[in-house]
Amino acid sequence: MIQYRKIAVPCTSCRYCTPHCPMELDIPFLLRAYNEAKVGGEWRLNSLSALPEVKMPGNCIGCGACTEHCPQSFDIPGYLRELREMLDKIRTAAEQ
Ligand code: SF4
Ligand code: SF4
């Protein structure tokens, strides 16, 4: 079970990480969604529903290439894992 972090991630959207993602994920966009969920509540993740499935955080393979190129060395795969868990929780709740 993942321990959720309590604070938002101060990503500057510099996009140094994105060319290195083999899954072509829009990392700053996903981190912004993560932050909105942290600050405003998980219901705000509904904004991700317009994303194609291949762009969802669950497609992160945890390679760490993004973190290597992030000036702030964020644990991006860790944040995306948390984001995926939050989304799974919302989906499960919607199905009940
Ligand atoms: S860890 Fe995930 S987000 Fe980062 S480069 Fe690899 S696949 Fe992309
Ligand atoms: S390199 Fe780091 S700060 Fe820049 S967009 Fe990517 S995650 Fe955000």
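Residues numbered from 1 in each chain as written. Chains lettered and ligands numbered in written order. Predicted model: local features only at pLDDT ≥ 70, side-chain atom pairs only at ≥ 80, totals over all residues. Heavy atoms only, no water.

Colleague: Pulling in residues and values, what's your account of helix α1 (residues 27–40)?
Modeller: For α1, which comprises 14 residues, the first-to-last C-alpha distance of 20 Å matches the rise-based estimate of 20 Å (1.5 Å per residue) to within 8%. Regarding α1, the residues found buried are I27, P28, L30, L31, A33, Y34, N35 and A37. Turning to α1, the residues buried within the fold contact α2 (65–69) and α3 (76–95). Where α1 terminates, the next one or two residues include G41, which has phi positive at roughly 110°. (Helix = DSSP H or I, 4+ residues; strand = E, 2+ residues; numbered from the N terminus. Expected span 1.5 Å × (residues − 1). Buried < 20%, exposed > 50% of the residue type's maximum accessible area, 1.4 Å probe, protein only. Contact = heavy atoms within 4.5 Å.)

Colleague: Quick one: what's the story with the site of ligand 2, residue by residue and with numbers?
Modeller: Residues in close proximity to ligand 2 total 14 residues, the closest being C11, C14, R15, C17 and C70. Split into classes, the residues belonging to the shell around ligand 2 amount to ten nonpolar, three polar and one charged. (Near = heavy atom within 4 Å. Nonpolar A, V, L, I, M, F, W, Y, C, P; charged D, E, K, R; others polar.)

Colleague: Give a detailed account of the nonpolar core, specifying residues and quantitative values.
Modeller: Membership of the largest hydrophobic core comes to 22 residues, with the highest contact counts inside it found for I27, L45, L48, I76, L80 and L83. Contributions of two or more residues to this core are made by α1 and α3. Beyond its immediate sequence surroundings of up to four residues, I27 is in contact with C17, T18, C21, C66 and I76. (Core = buried A, V, L, I, M, F, W, Y, C linked by side-chain atoms within 4.5 Å.)

Colleague: Describe in detail α3, supporting the description with residues and values.
Modeller: Between its first and last C-alpha atoms α3 spans 29 Å; for 20 residues at 1.5 Å apiece the expected length is 28 Å, and the two agree. Buried within α3 we find I76, P77, G78, Y79, L80, E82, L83, M86 and L87. Contacts from the buried residues of α3 go to α1 and α2. The backbone nitrogen of G78 lies 3.1 Å from a side-chain oxygen of the residue at the head of α3, namely D75. (Polar contact = N/O pair within 3.5 Å; in protein donor to acceptor, adjacent residues only side chain to side chain.)

Colleague: Provide a residue-level description of unusual backbone geometry, including the pertinent values.
Modeller: One non-glycine residue with positive phi stands out, namely S13, at about 60°. One can find S13 in the segment before α1. A positive phi is found at R15, a non-glycine position, where the angle reads about 70°. Examined against the element boundaries, R15 turns out to sit in the segment before α1.

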